[in-house]
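The lines below spell out each chain.
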Amino acid sequence: MLCYSRPSFFLEIYRKTTMKQIRNIAIIAHVDHGKTTLVDQLLRQSGTFRENQQVEERVMDSMDLEREKGITIKAKNASFKWNGYHINIVDTPGHADFGGEVERIMQMIDGVLLVVDAWEGPQAQTKFVLKKALSSGAKPIVVINKIDRENADPHKVLDDVFELFIELNATDEQLDFPVVYASGRDGFSTIEWKGSLTEEIKNAGMLPLFETIVREIPPPTVDPDAHFTLYVSNLDYSDFLGRICYGKIRGGRVHTGDSVVCIHRDGRRERERVTALFAYEGLKRIEVKNASAGMIIGLAGFEDVFLGETITDNEEQQALPYVEIDPPTIKMQFVVNDSPLAGREGKFLTARHIRERLVRESRNNVGILMEDTEIPGVFEVSARGEMQIAIIVEQMRREGYELMVSRPEVIYQKNDSGDLLEPIESLYVDIAQDYLGGILQNIASRKGEILNMKHQPHSILIEAEIPTRGLIGFETDLLNLTKGTGIMSHLFKAYAPFKGEILTRATGVLVAMETGISTAYALDALSERSVLFIGPGEDVYGGMIVGQNSRDDDMVVNPCKAKALTNVRSQGDGKGIQLSPPLKMSLERSLEYIAPDEFVEVTPTRLRLRKKILDHNKRKRQESKGF
């Protein structure tokens, strides 16, 4: 939401801030290592919020899905003033599926806070985001967080972090990183940790971390006398101003009303006037009249600007180098909902609605690619991982869209010899000793290869290489096999020769044969040999999947069958029948579960599984033809 603010004391200080007083930092971490909570404390203790101001926890998690899932999905900007310094913070995702956010954000900053859990140590996503930060030349500060938690071993974790820096070919300067020990939850930090919390540490609060940021992170290396140049690293949209592009000014100055040029990726140059400039006050976006080199700003005026493009005041200026990101490895089809129940719950149903929404997403999200197909109403979306696409689908259903999505498929390539290549992931699994056998067997069945097993005090860390398609559905198996205690993470490694077929689903499904309302009488008979996905009184249509078969083949059933009326008994409504609760799957689980010939029907209120071909006879004919 666009936020206009009257000229405040903050804004006056902002205008007087010199380039040497600016610090641009990103904060990066593995999922659930306390990154967002730490940012809360930095904003609070810097005086960004009033003493009596009510502020939610994890204020940087602005999206509903971020709060529900406990992860950062979109990179976001914030800033605070401390001791005369203006510090810009960019919150970046910790999950590899959203790595496109990390890669482009590195163009805005000069240093990073690497947050590592004092017990878990560096994890897979820690490795991923740190690699991107180091390759961009950013100055690192290591923050070992949660030092007050039980079983914390911050000094061992520091050794692990140092080994990780060496593994990632850090420079000698980057290896000489400063370390701050902290507790984001309780709001204190210290340069030295001797195993106990003293009053001195508690009273210092976040002061040691503030001092380390100002001392260790260099000011922006820019030329204030050069031509104005800005690399577009983030995008937003305003109903009043249109597209707003964000980035760090690499050189020169810019004023509202200036005539500037956007150098598009295809080399085309477009000139427009700057209609508005924005900076940040805490989490609020404030309008400013001018900005100079080193600042992170928002600029409005171009409607067709995209990520990675360059804005400058000189048409003769060369475009800044485009930052290449890792390629998409997963693709799915987004299809117009054509089920008999279509249109009952959603507001946006047509191919035009879905296409416009996907185009808008692809413009703002550099990690995905949307393409039209030869079939009307069918769009192919490619992304880094299954979760990234699932997040898009979940956002669309909450906005009122109805659509169908297919099972995720990997994107194959071919080498110069014509051999088929597939994406391979590095997989890290942390489990208890008791579950080792089952997990190793599951990884092997998915064509995974074990590289290393590290025995820890309470668990075993497994490192493996596995095809990306082998990860589809693996997280659910992991939770089932370890009774919810297993932890996994993964990141893309490289393309390698195809490793052979992988069994996707061992069981068949129950497919409804007719349209109607499900009855307890029919479901009671089906529950004896299956796991049901629906309960009594639900709308059902022919071709809809209503349960999981106990055998490996699909079975056509009638869940709407009612008890027959005879001379000696009434028809009844099944009131005396006791059914087990149906299995309700999440969107991610549904996408993992379906077979290649099935869709997930997504509406604002329901998730339904169905066959691509609803008519049973047509499906049989297709099967007989070998499809």
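The preceding data block contains the structure.
Bear in mind that the values here come from a model prediction, so they are computed numbers and not experimental data.

**Q** How do you make sense of the overall build of the chain when you look at a structure like this?
**A** The secondary structure content of the chain amounts to 16 helices and 36 strands. Looking at the chain residue by residue over its 627 residues, the buried ones come to 53%. The long-range share in the chain, meaning contacts at least 24 apart out of those at least 6 apart in sequence, stands at 72%. Element-wise, carbon and sulfur atoms account for 48% of the exposed surface of the chain, whose accessible area totals about 28900 Å².

**Q** I keep staring at the packing of helix H12 (residues 436-445) against helix H13 (residues 474-481) and nothing clicks. Help me out?
**A** If you want to describe how two helices pack, look at the angle between their axes and the distance between the axes. Two elements in contact, H12 and H13, have axes whose closest approach is 10 Å; the angle formed by their N-to-C orientations is 160 degrees. In terms of axis orientation, H12 runs roughly antiparallel to H13. The way H12 lies across H13 gives a crossing that is right-handed. Facing Gly438, Ile439, Asn442 and Ile443 of H12, the residues of H13 in contact are Phe474, Asp477, Leu478 and Leu481. Partitioned by chemical class, the residues of the contact of H12 with H13 number 5 nonpolar, 2 polar and 1 charged.

**Q** Can you help me understand the pairing of strand S5 (residues 139-145) in this one?
**A** Remark: a regular strand shows side chains that alternate across the two faces of the sheet. Among the 7 residues that make up S5, 7 are buried, leaving the element largely enclosed by the rest of the structure. Going residue by residue along S5, you find Lys139, Ile141, Val143 and Asn145 tucked away on one face and Pro140, Val142 and Ile144 tucked away on the opposite face as well. Inspection of the sheet shows strand S4 (residues 111-117) paired to S5 by 7 bridges, in the parallel sense. The partner of leucine 114 across the bridge, within S5, is valine 142. For S5 and strand S6 (residues 179-183), the ladder comprises 3 bridges, and the chain directions are parallel. Note on S6: the bridge partner recorded for valine 142 is valine 179.

**Q** Would you mind going over the pattern of salt bridges with me for this structure?
**A** Opposite charge on two side chains permits pairing when their charged atoms draw close. Under the defined criterion, the tally for this structure stands at 29 salt bridges. Between glutamate 216 and lysine 139 there is a salt bridge; the shortest N-O distance is 3.9 Å. Of this pair, glutamate 216 sits in helix H9 (residues 207-216) while lysine 139 sits in strand S5, and the two are 77 residues apart along the sequence. Accessibility expressed as a relative area gives 25% for glutamate 216, which makes it partly exposed. A residue is classified by how much of its surface remains accessible, and lysine 139, at 14% relative accessible area, is buried. The partner of arginine 446 in a salt bridge is aspartate 477, and the shortest N-O contact between them spans 2.5 Å. You can see arginine 446 sitting in the loop between H12 and strand S26 (449-455) and its partner aspartate 477 sitting in helix H13, a full 31 residues away along the chain. Judged by relative accessible area, which is 11%, arginine 446 ranks as buried. Given a relative accessible area of 24%, aspartate 477 falls into the partly exposed group. A network of salt bridges, in which partner residues are shared, links Asp554, Asp597, Glu598 and Lys611.

**Q** Can you help me understand helix H11 (residues 386-398) in this one?
**A** Think of an α-helix as turning once every 3.6 residues; residues three or four places apart then point the same way. Its 13 residues place the ends of H11 19 Å apart at the C-alpha level, agreeing with the 18 Å of an ideal helix rising 1.5 Å per residue. Within H11, the full set of buried residues consists of Glu386, Gln388, Ile389, Ala390, Ile391, Ile392, Val393, Glu394, Gln395, Met396 and Arg397. Count one or two residues on from H11 and you reach glycine 400, which has phi positive near 105 degrees.

**Q** I keep staring at the nonpolar core and nothing clicks. Help me out?
**A** A general feature of soluble globular proteins is that nonpolar side chains tend to end up buried together. Residues Phe334, Leu358, Met396, Leu403, Val405, Val600 and Leu609 are the most contacted members of the largest nonpolar core, which totals 33 residues. Contributions of two or more residues to this core are made by strand S19 (330-335), helix H10 (351-364), strand S21 (378-383), H11, strand S22 (403-406), strand S29 (509-512), helix H15 (587-593) and strand S35 (598-602). Ranked by residue count, the leading element in this core is H11, at 5 residues. Setting aside anything within four residues of it in sequence, one finds phenylalanine 334 in contact with Leu358, Gly377, Val378, Phe379, Val381, Ile389, Val393, Met396, Leu403, Met404 and Val405.

**Q** Would you mind going over the environment of threonine 519 with me for this structure?
**A** With respect to the secondary-structure elements, threonine 519 resides in the loop between strand S30 (516-517) and helix H14 (520-527). With 18 residues separating them along the chain, threonine 519 and glycine 537 place their C-alpha atoms 6.0 Å apart.

**Q** It is not clear to me how the environment of glutamate 380 should be interpreted in this structure. Could you clarify?
**A** Tracing the backbone shows glutamate 380 in strand S21. Between the alpha carbons of glutamate 380 and serine 406 there is a distance of 9.7 Å; along the sequence they are 26 residues apart.

**Q** Teacher, can you tell me more about the pairing of strand S17 (residues 296-300) here?
**A** Burial runs high along S17: 5 of the 5 residues are buried. Every second residue of S17 is oriented toward a common face, with Ile296, Gly298 and Ala300 on one face and Ile297 and Leu299 on the other, all of them buried. Judged from the 5 bridges that link them, strand S10 (residues 242-251) and S17 form a sheet pairing that is antiparallel. Note on S17: the bridge partner recorded for isoleucine 244 is alanine 300. In this structure, strand S14 (residues 276-281) lies alongside S17, joined through 3 bridges in antiparallel fashion. Considered in S17, the bridge of leucine 277 is made with leucine 299.

Parameters at a glance
Residues numbered from 1 in each chain as written. Predicted model: local features only at pLDDT ≥ 70, side-chain atom pairs only at ≥ 80, totals over all residues. Heavy atoms only, no water. Helix = DSSP H or I, 4+ residues; strand = E, 2+ residues; numbered from the N terminus. Buried < 20%, exposed > 50% of the residue type's maximum accessible area, 1.4 Å probe, protein only. Contact = heavy atoms within 4.5 Å. Areas by Shrake-Rupley, 256 points an atom, 1.4 Å probe, with all protein chains shown as cover. Axes fitted to C-alpha atoms, helices over the stretch in contact; angles between N-to-C directions. Parallel < 35°, antiparallel > 145°, perpendicular 65-115°, else oblique. Left-handed = near helix turned anticlockwise from the far one by under 90°. Nonpolar A, V, L, I, M, F, W, Y, C, P; charged D, E, K, R; others polar. Pairing = 2+ DSSP bridges. Salt bridge = Lys/Arg side-chain N within 4 Å of Asp/Glu carboxyl O. Expected span 1.5 Å × (residues − 1). Core = buried A, V, L, I, M, F, W, Y, C linked by side-chain atoms within 4.5 Å.

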